[in-house]
Amino acid sequence: MAKKAKNIDIPEGFIDYYVLYGIDRKTKTKDIRKLLFQKQGEIRSNMSNGALNSPEIMKKLQEAGNEIANAIKAFKNDERRSAYDEILDAAYAAGRIDTAAQTMAQDLYEEIEALFMKGNYRLAVQKCMDALNNNVRDYRIYILLAQSYFALSDPDRSIKTVDDGLKVHPDNLPLLRAGARFANEGKKDYDKAQGYVNRMLEIDKDSPLAASEQSYLYLTTGKQDLAYGMIDEYVEKHPNDMEFRKDVAYDLVGYSYSCYTKDPNSDAYVIASQEDYQRSLDTCNKAMSLYNDENVREALENAKSFGTVEFNDENRDGIKWLFIGGLIYAFAAVMAIMAGAQAGELGGAIVGSLPFTILGGLLLYSAVRLRQVSYRPYWQINKFILTGQREKGEKKYIIIGKIFAGYMRWSFKIGWAIVKFAFSLAFH
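Residues numbered from 1 in each chain as written. Predicted model: local features only at pLDDT ≥ 70, side-chain atom pairs only at ≥ 80, totals over all residues. Heavy atoms only, no water.

## Considerations on the overall build of the protein
Here's step 1: The secondary structure content of the protein amounts to 19 helices and 4 strands.
Here's step 2: Across the 428 residues that make up the protein, the buried fraction comes to 44%.
Here's step 3: Put simply, 71% of the contacts in the protein that link residues at least 6 apart link residues at least 24 apart. (Helix = DSSP H or I, 4+ residues; strand = E, 2+ residues; numbered from the N terminus. Buried < 20%, exposed > 50% of the residue type's maximum accessible area, 1.4 Å probe, protein only. Contact = heavy atoms within 4.5 Å.)

## Points about the nonpolar core
Here's step 1: If you look at the biggest cluster of nonpolar residues, it comprises 59 residues, and the most contacted ones within it are Y17, Y21, L36, F75 and Y84.
Here's step 2: The greatest single-element share of this core, amounting to 7 residues, is contributed by helix α13 (residues 242-256).
Here's step 3: Apart from the residues lying within four places of it in its own chain, the contact partners of L36 are Y21, I23, I68, A71, I72 and F75. (Core = buried A, V, L, I, M, F, W, Y, C linked by side-chain atoms within 4.5 Å.)

## Section: the environment of Y250
Here's step 1: Its location among the elements puts Y250 in helix α13.
Here's step 2: Here Y250 falls in the buried class, since its relative accessible area comes to 1%.
Here's step 3: Between the C-alpha atom of Y250 and that of Q62, which follows or precedes it by 188 residues, the distance is 9.3 Å.

## Topic: the packing of α13 against helix α14 (residues 274-290)
Here's step 1: The geometry of α13 relative to α14 is characterised by a closest axis approach of 8 Å and an angle of 165° between their N-to-C directions. For the element pair α13 / α14, the angle class is roughly antiparallel. Regarding α13 and α14, the two cross each other, and that crossing is left-handed. Along the contact surface, α13 presents R245, V248, A249, L252, V253, Y255 and S256, while α14 presents R279, S280, T283, C284, K286, A287, S289 and L290. (Axes fitted to C-alpha atoms, helices over the stretch in contact; angles between N-to-C directions. Parallel < 35°, antiparallel > 145°, perpendicular 65-115°, else oblique. Left-handed = near helix turned anticlockwise from the far one by under 90°.)

## Description of empty space enclosed by the protein
Here's step 1: All told, the structure shown has 4 cavities of 30 Å³ or more when counted by the stated rule.
Here's step 2: Size it by volume and the largest cavity reaches roughly 70 Å³.
Here's step 3: What lines the largest cavity is Q40, I43, R44, M47, Q62, G65, N66, A69, Y257, E298 and N302.
Here's step 4: Residue assignment for the lining of the largest cavity shows that the elements contributing at least two residues are α2 (29-47), α3 (55-74) and α15 (294-305). (1 Å grid on protein atoms, 1.4 Å probe; cavity = no way out; pocket = protein on both sides within 12 Å on 5 of 7 lines; lining within 4 Å. Points joined across faces, edges and corners; volume = space filled by probe spheres on them.)

## Regarding the packing of helix α8 (residues 155-168) against helix α9 (residues 173-187)
Here's step 1: Look at α8 against α9: their axes get within 9 Å of each other, and the N-to-C directions meet at 165°. The pairing of α8 with α9 is recorded here as roughly antiparallel in orientation. With respect to the hand of their crossing, α8 and α9 are arranged in left-handed fashion. Here P155, D156, S158, I159, V162, G165 and L166 of α8 lie close against α9, whose contacting residues are L175, L176, A178, G179, F182, A183, G186 and K187.
Here's step 2: Considered class by class, the residues forming the contact of α8 with α9 number 9 nonpolar, 4 polar and 2 charged. (Nonpolar A, V, L, I, M, F, W, Y, C, P; charged D, E, K, R; others polar.)

## What about the packing of aromatic side chains?
Here's step 1: All chains considered together, the criterion is met by 13 aromatic pairs.
Here's step 2: Plain terms: the ring middles of F14 and Y84 are 5.3 Å apart, the flat faces sit at 35° to each other, and that makes the pair tilted. Of this pair, F14 sits in the segment before α1 (17-20) while Y84 sits in helix α4 (residues 78-93), placing them 70 residues apart in sequence. One exposure class covers both F14 and Y84, and it is buried. (Phe/Tyr/Trp six-rings, centres within 6.5 Å; stacked < 30°, edge-to-face > 60°.)

## Observations concerning the state of the cysteines
Here's step 1: Under the defined criterion, the tally for this structure stands at 0 disulfides.
Here's step 2: For C259, which is in no disulfide, the shortest distance to another cysteine sulfur is to C284 and amounts to 8.0 Å.
Here's step 3: Classification of C259 as buried rests on a relative accessible area of 0%.
Here's step 4: Take C284: its relative accessible area is 1%, and that puts it in the buried class. (Disulfide = S-S within 2.5 Å.)

## As for the layout of surface pockets
Here's step 1: Considered as a void within the structure, the largest pocket measures approximately 830 Å³ in volume.
Here's step 2: As for the largest pocket, its lining consists of 25 residues, and the residues nearest its centre are R33, F37, I72, S305 and F306.
Here's step 3: Listing elements by their share of the lining of the largest pocket, those giving two or more residues are α2, α3, β2 (269-270), α15 and α18 (378-387).
Here's step 4: For the lining of the largest pocket, the class distribution of residues is 11 nonpolar, 5 polar and 9 charged.

## What to know about the confidence of the model for the protein
Here's step 1: Chain-level pLDDT for the protein is 82 on average; 87% of the residues reach the 70-or-more range.
Here's step 2: Segment residues 1-5: pLDDT under 50, and 9 contacts once partners within four positions in sequence are set aside and those in other chains are kept.
Here's step 3: Low pLDDT, under 50, characterises residues 115-119; the stretch is placed with 8 contacts to residues that sit more than four places away or in other chains. (pLDDT = per-residue confidence, 0-100.)

## Brief notes about α13
Here's step 1: For α13, with 15 residues, the first-to-last C-alpha span of 21 Å sits near the 21 Å given by 1.5 Å per residue.
Here's step 2: Across the 15 residues that make up α13, a large majority, 13, are buried.
Here's step 3: A side-chain oxygen of the first residue of α13 lies 3.4 Å from the backbone nitrogen of E243; this N-cap is D241. (Expected span 1.5 Å × (residues − 1). Polar contact = N/O pair within 3.5 Å; in protein donor to acceptor, adjacent residues only side chain to side chain.)

Rendered as structure tokens:
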């Protein structure tokens, strides 16, 4: 039974994530997070599959992804979950659960699940074939059938379906665009994809669909400058075409998710290289410049989060000992020079202090460099976790730091043991 409503601030449209994702409230927090990460991974994987993503589907995927991200935050740990549960109980007690929003969110998730789960694709194929066999020749049926084949890992049949549709609708731009996308994403047959785009441009050289598909083809073939140039050229000619802006922005967002890598330990999708981080950031920023809505902003914030810097605690001890050792050797060098000056042997003292000066300088420099490389962005941390590879220069300074830190640590231990032994002899 729900608890009595307390004096708790209940957000508008508060959602019961247990109901939304079919989670038993007895489930452990870590298991809930694993389930949510798996669902988030499915959505991001589908978002990166440009062949399946019309702007409408992309929008639904983005909305579902945002909701799962909120759920993951609510179940970050037992403390966060306890706070969420308290608000949830109060919301039910106060009759504040937004049942309309809850139903809408549930329907949205079920719709996406139906679109992208393998079994439902087979059912979609059957329904599309039934329609075509009954002489339904709507071009959208051909596109849906081609998408279903693609989801079933059969891009050849996807392209054949598009070509069959083009026999009935030879100048249909959405069909041509679908063919270009399947050839691009499914077969990596960029020449064939370009052929579909060229046909679109022949039919209508100012077509927004042709311009967006040409820019996407440039993007996926590594020609980012050409892609952005194509987009900017169309926007300059048609500044008020918001559908084009939205279409291209969602294409860019979908492409940005191809920069993510699955972490097998957590099932989360992460960015794990500087190249992928920069590519994701660039495409999301470009998307934001074209069309600014919650979904695009969320994608940009996700990309930016992997640039967040965190200190590498494994180097803290090494930095400390390197710094202490550097100061000690520098102090020893100064004392040697001062003693030589007092004895009238300044030149000899300076020469004799050089080893202390050099070693002290090396230790202090290593401490500074080790501290610099210890501030790592999340993408770099993920790279090391997933591949064991460090960035250029990072491994060198960590090894140097550990060697010198070990040297200083043992020097202090040995020195302290000698001092204690000397005192024990002197006062025995």
